[in-house]
Amino acid sequence: MTGAPVVRFAPSPTGRLHIGNARPALLNALFARKHGGRFILRFDDTDTARSKEEHVEAIRADLAWLGIVPNLEVRQSRRFALYDAAVETLKASGRLYACYETGDELDRRRKRQAARGLPPVYDRAALALGAEERAALEAEGRRPHWRFLLDHRVVEWTDLVRGPSHVDCASLSDPVLVREDGTYLYTLPSVVDDVDLGVTHVIRGEDHVTNTGVQIQLFELLGGPDRVPAFGHHNLLTTAGGEGLSKRLGHLGLGSLREAGLESLAVATLAVLVGSAEAVRPVASLSELAGLVDLHRLSRAPAKFDEAELAALNARLLHHLPHVAVAGRLAAMGVDGGEEFWLAVRGNLSVLRDAVPWWSIVAGDVAPVIEEPEFVAQAAGLLPPEPWTQETWASWTGAVKEATGRKGKPLFMPLRLALTGLDHGPELKALLPLIGRERALRRLGTPDA
Ligand code: GLU
């Protein structure tokens, strides 16, 4: 690679991002991070009817949540002049030709081809139209759509994921680049932008492999052979059941995952590492994740996204997070127990907001559960004076054991139930000093002991 790479993520703002789109977004962003390159966010919003400003904003917010900060943002809807110029170039070189068939006519033609055992490839009938025939069709009220005249050859490239790859363009229909209403399909604007913005690496889903054959021909015509980027086509995420992810799967939307309280780093980690040679495991930062991403090591098989795996990864990630990584968010949730509290409870969390009830148990009102008032009162009488440390629990329960002869669960459970109102939770040796003597006495039912 000569010079710093330039990559782009190019969503159409016709919906929100889901975990499946997070994969190309992150593979591009982390590739740029790893190689000191630039990441462009390109909104493919040429379809002005279906593109929505609210989706543009949500996509920006979802990417920011993932920790992706674009170096540049462009909107295709502001760049039509460039696409129009490319259309003129292609027309002038005879590589874009006007076609007048309606959808129904093309359907009938495909059916006839199928009946004769032929592939459903456009037969280039419109190429043979003379000026008069075209004028006659236009006089009927038909407007042309425009097809790219493919060079019938095998286009080859070395894919960053899939290795040596090729598309035989002789087996493809000449693609429509401009619809009859003058609007653009995705194929041409994408290439024009990639040339104009100096994109060096196109990393996208393997559903685009065939497009790549066509687009390499366009790159060669519009940018020249030196401007053909490297391509990497990653495997697509499917649900655990093997179905494709679609925009309709709302609960796998990044917005929903965020609302469910998941860590963006867990979502990013799974989105990138699933279906790769790297084991899915918690990482401390996006930079660490960037170091693990290697396009060559992505599998060719579909990558199964399993929500249970995400939940488990999220919990494992939280169990190791240092306090600094969460202090701001905890404060925003009204949890201000500091590092000691965080270290006491993090191992019990599935999502960060699970810290809130634990904080209430430490500092708020608890409904103590006291089944054996005499035992609990006796224990209260043995509480040592403050200051309390992590050793206090052991010395206190040691004294209670000695005085009562109890041990194991009959010793500890009544104390846990009284102090926290629950029969499970973080270690009491960590919670007790946070609860403090005054609250502990109150919960043990003897506030003035
Ligand atoms: N808007 C296209 C898509 O979302 C972009 C594909 C590409 O990366 O070239 O499929």
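Above this text sits the structure in question.
Residues numbered from 1 in each chain as written. Predicted model: local features only at pLDDT ≥ 70, side-chain atom pairs only at ≥ 80, totals over all residues. Heavy atoms only, no water.

K.L.:
How should the overall build of the protein chain be read in this particular structure?
P.N.:
Within the protein chain, the regular secondary structure consists of 18 helices and twelve strands. The C-alpha atoms of the protein chain give 31 Å as radius of gyration, which overshoots the globular expectation for 449 residues (22 Å, by more than 25%). With the principal axes as the frame, the protein chain shows a C-alpha extent of 110 × 45 × 40 Å. Per-residue burial for the protein chain yields a buried fraction of 47% across its 449 residues. Surface summary for the protein chain: the accessible area is close to 21,000 Å², and the carbon and sulfur share equals 52%. Here the protein chain contributes 52 positive and 57 negative side-chain charges, whose respective centroids are spaced 2 Å apart. (Helix = DSSP H or I, 4+ residues; strand = E, 2+ residues; numbered from the N terminus. Rg over C-alpha atoms; globule rule 2.2 N^0.38 Å. Buried < 20%, exposed > 50% of the residue type's maximum accessible area, 1.4 Å probe, protein only. Areas by Shrake-Rupley, 256 points an atom, 1.4 Å probe, with all protein chains shown as cover. Lys, Arg positive; Asp, Glu negative; His and termini not counted. Charge placed at Lys NZ, Arg CZ, Asp CG, Glu CD.)

K.L.:
Teacher, can you tell me more about the pattern of salt bridges here?
P.N.:
Any two side chains of opposite charge can pair if their charged atoms end up close together. In the structure shown here, the tally under the stated rule is 26 salt bridges. A salt bridge links R42 to D194; the shortest N-O distance between them is 3.1 Å. Of this pair, R42 sits in strand β2 (residues 38-43) while D194 is found in helix α6 (residues 187-196), placing the two residues 152 residues apart along the sequence. Residue D194 is classed as buried on the basis of its relative accessible area of 2%. When the shortest N-O distance is used, the salt bridge between E278 and R281 registers 3.1 Å. Judged by its relative accessible area of 17%, E278 falls in the buried class. Here the residues in one salt-bridge network are R8, R42, D44 and D194, joined through shared partners. (Salt bridge = Lys/Arg side-chain N within 4 Å of Asp/Glu carboxyl O.)

K.L.:
Explain the side chain of R79 to me, please; I cannot follow it from the model alone.
P.N.:
With respect to the secondary-structure elements, R79 resides in the loop between β3 (72-75) and α3 (80-92). With relative accessibility at 14%, the residue R79 sits in the buried group. At 2.7 Å, the side chain of R79 and the side chain of D193 are in polar contact. Leave out the neighbours within four places in its chain, and R79 touches V74, D193, D196 and L197. (Polar contact = N/O pair within 3.5 Å; in protein donor to acceptor, adjacent residues only side chain to side chain. Contact = heavy atoms within 4.5 Å.)

K.L.:
Where do I start with the site of the ligand in this structure?
P.N.:
As a matter of local geometry, the ligand sits amid R8, A10, S12, D44, Y186, S190, R204 and H208. In the model, an oxygen atom of the ligand is placed 2.7 Å from a nitrogen or oxygen of the R8 side chain. The side chain of Y186 places a nitrogen or oxygen atom 2.6 Å from an oxygen atom of the ligand. Burial of the ligand by the protein chains amounts to 77% of its free accessible area of 300 Å². (Near = heavy atom within 4 Å.)

K.L.:
What am I meant to see in the pairing of strand β6 (residues 154-159) here?
P.N.:
Walk down a regular strand and you will see the side chains alternate between the two sheet faces. Of the two faces of β6, the one holding V155, W157 and D159 is buried and the one holding V154, E156 and T158 is not buried anywhere. In this structure, β6 lies alongside strand β7 (residues 163-168), joined through six bridges in antiparallel fashion. Paired with D159 across the bridge in β7 is G163. Linking two consecutive strands that pair antiparallel, namely β6 and β7, is a turn of three residues. (Pairing = 2+ DSSP bridges.)

K.L.:
Whenever I open this one, unusual backbone geometry confuses me. Can you help?
P.N.:
With omega at 5°, the peptide bond leading from E386 into P387 counts as cis. With respect to the element layout, P387 can be found in the loop between α15 (373-381) and α16 (392-404). Phi angles above zero are rare outside glycine, and R124 is one such case at about 65°.

K.L.:
Whenever I open this one, the pairing of β3 confuses me. Can you help?
P.N.:
Summarising the sheet, β2 and β3 pair through four bridges and their orientation is parallel. Opposite R42, over in β3, you have V74 as the bridge partner. Once you follow β2 into helix α2 (residues 53-66) and on to β3, the crossover reads as right-handed. (Right-handed = clockwise from strand over helix to strand, strands pointing away.)

K.L.:
Would you take a moment to explain helix α1 (residues 19-35) for this structure?
P.N.:
Spanning 17 residues, α1 covers 24 Å between terminal C-alpha atoms, matching the ideal 24 Å at 1.5 Å per step. Immediately downstream of α1, the backbone of G36 shows phi near 65°, a positive value. (Expected span 1.5 Å × (residues − 1).)

K.L.:
Explain the sheet that holds strand β5 (residues 145-148) to me, please; I cannot follow it from the model alone.
P.N.:
Strand order in the open sheet made by the three strands is β4-β5-β8, with antiparallel pairing throughout. Only two strands of the sheet have a single partner each, and these edge strands are β4 (96-99) and β8 (176-178). Each neighbouring strand pair of the sheet contributes to a mean axis angle of 45°, computed without reference to strand direction. As paired strands, β5 and β8 are joined by two bridges and run antiparallel to one another. (Axes fitted to C-alpha atoms, helices over the stretch in contact; angles between N-to-C directions.)

K.L.:
Just checking my understanding: could you explain the packing of aromatic side chains for this structure?
P.N.:
Two numbers describe a pair of aromatic rings. These are the distance of the centres and the angle of the planes. Tallied over the full model, the rule gives eight aromatic pairs. Aromatic pair F219 and F231: ring centres 6.1 Å apart, planes at 70°, arrangement edge-to-face. Taken together, the residues span a long stretch of sequence, with F219 in helix α7 (residues 209-222) and F231 in strand β10 (residues 230-234) at a distance of twelve residues. Assigned by exposure class, F219 and F231 land together as buried. Note on W393 and W396: the rings are 5.7 Å apart at their centroids and 70° apart in plane angle, and the pair reads as edge-to-face. With W393 and W396 both in helix α16 and three residues apart, this pair spans about one turn of that helix. Grouping residues by exposure puts W393 and W396 together as buried. (Phe/Tyr/Trp six-rings, centres within 6.5 Å; stacked < 30°, edge-to-face > 60°.)

K.L.:
Where do I start with the nonpolar core in this structure?
P.N.:
Where a protein is soluble and globular, its nonpolar side chains tend to be buried together. Residues I19, L26, L66, V267, F341, W396 and L444 are the most contacted members of the largest nonpolar core, which totals 93 residues. When residues in this core are grouped by element, the largest group, nine residues, is from α1. When residues no more than four places from it in sequence are discounted, the contact partners of L26 are F31, L66, I68, A268, A271, V272 and L286. Ranked by size, the runner-up nonpolar core spans 34 residues in total, among them A98, W146, V195 and V214. (Core = buried A, V, L, I, M, F, W, Y, C linked by side-chain atoms within 4.5 Å.)

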